[in-house]
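Summary of structural features
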Amino acid sequence: QNPKTSALVKQLLAEGNAAELHKYFGSRMEFGTAGLRAAMGAGISHMNDLTIIQTTQGFCRYLERNFSDLKKRGVVIGFDARAHLSSGGSSKRFARLAANTFISQGVPVYLFSDITPTPFVPYTVTHLKLCAGIMVTASHNPKQDNGYKVYWENGAQIISPHDKGISQAIEENQEPWPQAWDDKLIDSSQLLHDPYATVNKEYFKDIQKQCFHRNINKETTLKFVHTAVHGVGHKFVQLAFKAFDLSPPFAVPEQKDPDPEFPTVKYPNPEEGKGVLTLSFALAEKDGAKIILANDPDADRLAVAEKQESGEWKVFSGNELGALLGWWIFTCWKSHNRDTGAVKDVYMLSSTVSSKILRAIALKEGFHFEETLTGFKWMGNRAKQLMDQGKAVLFAFEEAIGYMCCPAVLDKDGVSAAVITAEMASFLATRNLSLSQQLKAVYDEYGFHITKASYFICHDPKVIQQLFDNLRNFDGKDTYPKACGRFKVSGIRDLTTGYDSSQPDKKAILPTSKSSQMITFTFANGGVATMRTSGTEPKIKYYSELCAPPGNSDVEQLKKELDELVTALEKHFFQPEKNNLQRKTE
C-alpha cells in the first residue's frame, strides 16, 4: 500500500521490464542471526513497508510461542536516521510499522520517540526485562541500505536456532494483518510506551561505574574531536563526556547532525581509513585537539586517531584499540580489587579473527580469556552465560572496531567506548604518555602482536564458493594446502566443515556453520591467517597476525615477515586476477 513502491512496480510492469522485476521479486530477503540487511526499495528482496510488516508478524508469532508472558513484558524498538526518498522508506517509518504489528496483537511496545544509538536497544531489553528488542539500522552500510537487528531477552543478539525459527514464522505470516498499514493507530494505544527519557538517564548512570578518574577528567587540558559521521552519535557522546566530568569534545559541524545522504563521505564507515576522517583532522588542527573519536552512523563502533610527535595522524586499528582498552580496563579493575583471588573469576573475550593480545595479557595477569566465533552475537551470549555463573566479564572486542566495555550492554557500544578512551587518554597525559606510547608499552610487556586485515569484493556467490572449494581440494580431493608460497602451513581449522587438524579427533571446538565460509591457517613461523565471507556485505575478508613473545622487539622484521605472508596469501589463496576479485581501495 506504499504509493511510491507500488508506482515503481506498476511502471516496470508497463515497460515489461522482466529483468528488473526479477531483481525485486526473484527471492525473499533472508532472515539470519544478523536479522535483515538490504537496500530500501520495492519487492520482497528489499527493505520496505511490506517486508517490515511480514518480518514483524513472523517475529511476533515466534515470540508468542516462546514467551507465555509476552503480553505482560513486551518489546523495545529503536531506529536510526536513515531514509530513502524514492521508496518512501525510513528507519522511523519501519519502526512505527513494527510497533503497530505488535500492538495489534496486544503486546506492549517500548518505542523510542527519537533516534538512538544501537546499544540503547539491548540496554533497554536488559534494564526493563523485556522479551526482545528490534533496532532498525543498517549501521555503516551505504546510504540506500537499511536493516532490522534483533535481540533476545538476555540482551544479546539472537543466535541459532532462533534465526531459523523466526524465518519459518515469517514464511507462515506473509498476508498483512487487518490493520497492518495503519501505524497512526499506535499513537492512541495504552500499549505504547516511550523509554527515551528513562533510558537516557539510566544508561549514563550505569556507564559511570566505568569512570575511575573523575578528578583527572575535570582537570585535563587534553582536547578531543568527535564525529558522528552524519549518524546518531553526537548528542549521546556529548552526554557521556558530561557524565564522566570531561569537557565536551569539539564536534565536526558538517557531520554532527543526522543526514541520510551522508554527503561528506564516500562510505559512512570509520573503518575505511583516513578518508572518513578528513574533516575531523582539519577541525583538530584548527582547535589544537590531539585525539579524534569517530563513531559509525548507529554509534555502536568507534575509531580513534591520535596526532603523533611528527605531526602525522595515526589511526589505530581495531586490534590496537582493543589492546589499549583491554589493558586499561584490567588496570582499573586491579586498582579497585585488592583481593588477589578475585582475578580467577575475571574474563575477557574476543572473536576468533581478532588479535590474541588479550590472551597474552590474561596469561601474565591470571584472568581468563576466551575466543568466540566472529560477531558480537557470540560474545554477548557467552558474556551473559559467564555473568549468570557469577563471573565478571570486563571487556570484549572484535577487530572491526567494536568494543563492549560495560556489562550493562551485551553488544558493541561506541558511546561508552568513546568516553572510556577519553578517560584513558586523559590519565595517560598526566604521566606524559600518548596512546601510541602506551600501546608500545603494552606490546613490550606482553609481546608484540602485529596484525593486517583487508578484503576483496566479489558479487558472484559461485566464484566465492569455488575459491573456498579449491582451498579444500588443493592437492587433490579433500586436501588443504601444505604451504602458501614459502610459508609452510602447520595447522588448518575449517569452521564451515568442522575440521580442525590440531584436535585429536580432528573436530573443531567452536561451533560450525555451513552457511558461511571460514578457514584459518596456522603457519610454521607463528603466523595465523583467516579467510571468511561477510554476513552483511559482498566481501571475502582476511585477517592475519604474527605474535612474538615479550622481549622480541624487532618490530620492523615482524612487519616485513607479515607483509610477505599476506602477499603470498593473496597470490596463492585468493588469486584475484583469476577470480576477478576487486581489491579494497582507500
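Refer to the structure above for everything that follows.
Okay, so let's go over this structure. Everything quoted here is computed from the prediction, not taken from an experiment.

1. Focus: the overall build of the protein chain
From N to C terminus, the protein chain includes 19 helices and 25 strands. Relative to the globule expectation of 25 Å for 586 residues, the C-alpha radius of gyration of the protein chain, 24 Å, shows essentially globular dimensions. For the protein chain, the proportion of its 586 residues judged to be buried stands at 58%. Counted over contacts in the protein chain with a minimum sequence separation of 6, partners at least 24 positions apart contribute 69%.

2. A word on unusual backbone geometry
Comment: phi is negative for the bulk of residues other than glycine, and the bulk of peptide bonds are trans. Following serine 160, the chain continues to proline 161 via a peptide bond in cis, the omega torsion being 10 degrees. Take proline 161: it is sitting in the loop between strand S7 (145–151) and helix H7 (162–172). At alanine 299, a position not held by glycine, the phi torsion is positive, near 60 degrees. Mapped onto the elements of the fold, alanine 299 is located in the loop between strand S11 (291–295) and strand S12 (302–307). The residue glutamine 575 is not glycine, and still its phi comes out positive at about 45 degrees. Tracing the chain through its elements places glutamine 575 in the loop between helix H18 (555–574) and helix H19 (576–579).

3. Considering the sheet that holds strand S16 (residues 392–398)
Reading across the sheet, the 4 strands line up as S15-S14-S16-S17 and stay open at both edges, with mixed pairing between neighbours. Each of the sheet's edge strands pairs with one partner strand only, and the pair in question is strand S15 (368–372) and strand S17 (402–404). Ignoring strand direction, the axes of neighbouring strands in this sheet form an average angle of 15 degrees.

4. Quick word on the packing of helix H6 (residues 120–127) against helix H8 (residues 196–207)
H8 packs onto H6 with a crossing angle of 90 degrees between their chain directions and a minimal axis gap of 11 Å. Classified by the angle between their axes, H6 and H8 sit roughly perpendicular to one another. Taken together, the residues of H8 that come into contact with H6 (itself represented by Phe120, Tyr123, Thr124 and His127) are Val199, Asn200, Glu202, Tyr203, Phe204 and Asp206. Classifying every residue of the contact of H6 with H8 gives 5 nonpolar, 3 polar and 2 charged.

5. Notes on the environment of serine 351
Structurally, serine 351 can be placed in strand S14 (residues 346–351). Given a relative accessible area of 0%, serine 351 falls into the buried group. Sequence separation of serine 351 and histidine 140 is 211 residues, and the distance between their C-alpha atoms is 20 Å. Polar contacts involving the side chain of serine 351 include one to the side chain of serine 354, which spans 2.7 Å.

6. Considerations on the sheet that holds strand S2 (residues 75–79)
Ordered by their spatial adjacency, 6 strands build an open sheet running S1-S7-S6-S2-S5-S8, and the pairing between neighbours is mixed. For this open sheet the edge positions go to strand S1 (36–39) and strand S8 (192–193), each flanked by a neighbour on one side alone. Across the sheet, helix H3 (residues 49–66) is in contact with S1, S2, strand S6 (132–136) and S7; its angle to S7 comes to roughly 5 degrees. The sheet strands contacting H6 are S2, S6 and S7, and the helix crosses S6 at an angle near 165 degrees.

7. Overview of the side chain of threonine 56
As for its placement among the helices and strands, threonine 56 is situated in helix H3. Sequence-distant contacts of threonine 56, defined by excluding residues within four places in its chain, comprise Ala98, Thr101, Phe102 and Tyr148.

8. Brief notes about the packing of aromatic side chains
By the definition in use, this model includes 24 aromatic pairs. Relative to phenylalanine 573, the ring of phenylalanine 521 has its centre 4.8 Å away and its plane inclined at 45 degrees; by these criteria the two rings are tilted. On the criterion of sequence distance, the pair formed by phenylalanine 521 in strand S22 (residues 518–523) and phenylalanine 573 in helix H18 is long-range, its members being 52 residues apart. For the pair phenylalanine 521 and phenylalanine 573, a shared accessibility class is recorded, and that class is buried. One Lys or Arg, lysine 539, reaches over the ring of tyrosine 455 and ends 4.0 Å from the middle of that ring.

9. So, the nonpolar core
Core analysis: the biggest nonpolar cluster contains 163 residues, and Phe59, Phe102, Phe395, Tyr403 and Met531 have the highest contact counts within it. The contact partners of phenylalanine 102, leaving out residues within four places of it in the chain, are Thr56, Phe59, Cys60, Leu63, Val75, Ile77, Val107, Val109 and Ile134. Judged by nonpolar contacts, the second largest core, of 10 residues, contains Tyr347, Leu349, Phe376 and Val393.

10. Quick word on the pattern of salt bridges
Two side chains with opposite charge may pair up if their charged atoms get near one another. Applying the stated criterion across every chain yields a total of 39 salt bridges. Notably, a salt bridge pairs glutamate 20 with lysine 23, separated by 2.8 Å at the nearest N-O pair. Placement of the pair is glutamate 20 and lysine 23 together in helix H2 (residues 18–25), with a separation of 3 residues, close to one helical turn. With a relative accessible area of 24%, glutamate 20 lands in the partly exposed category. Owing to a relative accessible area of 55%, lysine 23 belongs among the exposed residues under this scheme. Linking aspartate 80 and arginine 82 is a salt bridge whose minimum nitrogen-to-oxygen distance equals 3.7 Å.

Conventions adopted
Residues numbered from 1 in each chain as written. Predicted model: local features only at pLDDT ≥ 70, side-chain atom pairs only at ≥ 80, totals over all residues. Heavy atoms only, no water. Helix = DSSP H or I, 4+ residues; strand = E, 2+ residues; numbered from the N terminus. Rg over C-alpha atoms; globule rule 2.2 N^0.38 Å. Buried < 20%, exposed > 50% of the residue type's maximum accessible area, 1.4 Å probe, protein only. Contact = heavy atoms within 4.5 Å. Pairing = 2+ DSSP bridges. Axes fitted to C-alpha atoms, helices over the stretch in contact; angles between N-to-C directions. Parallel < 35°, antiparallel > 145°, perpendicular 65-115°, else oblique. Nonpolar A, V, L, I, M, F, W, Y, C, P; charged D, E, K, R; others polar. Polar contact = N/O pair within 3.5 Å; in protein donor to acceptor, adjacent residues only side chain to side chain. Phe/Tyr/Trp six-rings, centres within 6.5 Å; stacked < 30°, edge-to-face > 60°. Lys NZ or Arg CZ within 6 Å of the ring centre and 35° of its normal. Core = buried A, V, L, I, M, F, W, Y, C linked by side-chain atoms within 4.5 Å. Salt bridge = Lys/Arg side-chain N within 4 Å of Asp/Glu carboxyl O.

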